[in-house]
Amino acid sequence: MSKSLISFESKQKRILILQSLLESLKTHYPNAIFDKSKEGRYRLLIPYTTKDQFIVDFSFEVPDGIRMGFVLDIDQPEPRDGGRRKEFQKIIAPYLSQLAKVLDAVVIKKQKNESIIKDGRFSWIKNSAHRRMGLHQYRRFSNINFENDSVDDITIVILPVIERFIKSVSELLTKIKLPN
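This write-up is about the structure you can find in this document. Residue positions are given per chain, counting from 1 as you read along its sequence in written order. At least 70 in pLDDT is required for a residue's local features to be given in this predicted model, at least 80 for side-chain atom pairs to be given and counted, and no such filter applies to totals for whole chains, interfaces and linings, which use all residues. As a rule here, side-chain values cover all heavy atoms of the structure and leave hydrogens and water aside.

Our focus in this paragraph is the pairing of strand β7 (residues 135-140). Residue burial is assigned from relative accessible area. The probe radius is 1.4 Å, only protein chains are included, and a residue is buried under 20% of its type maximum, exposed over 50%, and partly exposed in between. Strands are runs of DSSP state E lasting at least 2 residues, helices are runs of H or I lasting at least 4, and numbering of each runs from the N terminus. Of all 6 residues in β7, 5 are buried; the element is thus mostly enclosed. Of the strand pairs in this sheet, strand β4 (residues 65-72) and β7 are connected by 6 bridges, and their pairing is antiparallel. Note that in β7 the partner of M68 across the bridge is Q137. Two strands pair under a simple rule: DSSP has to find at least two bridges between them.

The structure is reproduced here in structure tokens:
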């Protein structure tokens, strides 16, 4: 689904959902912020270190779900000869199956989200190295109608999924050494 296929009302509701999630997350993550990327995409950023952050946003490719991630050097270009993200990708790879099990997801290597949705998947993890990516979980919700359900009702369903992602990835990160 392309950005242009999402109605103005849906975009506005997604912003309200992110703002509601932010207020709830601030209880445990007081430094969390609502942010607009250089591309004009709204997201929540939850700092892990000064350079690395958790991110929560909506993916236009997954209209009935959210994307949660852990990203190194967010919004910074990755050097052509490698860099922290590429190194992190190698470090995290052996742990992906374990993390997927904890998050009730499957690990997807090289498959487009559209194809994953057609396969009927509702929760998957991807590990990639480009500018905005790192370790991401995409989570679809069959029990939410993003058009008609209230922002509060949607927040109640999504919030525990986000908290579980942050907690599970944070626990994993304590066991590994992040690249410098």
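With 4 bridges connecting them, strand β1 (residues 33-36) and strand β2 (residues 42-47) associate as antiparallel partners. In the strand pairing of β2, F34 is matched with L44. Between the antiparallel neighbours β1 and β2 lie 5 residues, among them G40 with a positive phi of about 85°.

What follows covers the nonpolar core. Think of a nonpolar core as a cluster: buried Ala, Val, Leu, Ile, Met, Phe, Trp, Tyr and Cys residues, connected wherever their side-chain atoms sit within 4.5 Å. Core analysis: the biggest nonpolar cluster contains 40 residues, and F88, I158 and I162 have the highest contact counts within it. Secondary structure elements with two or more residues in this core: α1 (8-25), β2, β3 (52-57), β4, α2 (84-92), α3 (96-102) and α5 (151-173). In terms of residue count, α5 provides more of this core than any other element does, 11 residues in total. Beyond its immediate chain neighbours, meaning those up to four positions away, I158 contacts L21, I66, F141, I144 and F146. If you look at the next biggest cluster of nonpolar residues, it comprises 5 residues, including V62, I108, I116 and W124. In what follows, residue pairs with any heavy atoms lying within 4.5 Å of each other are defined as contacts.

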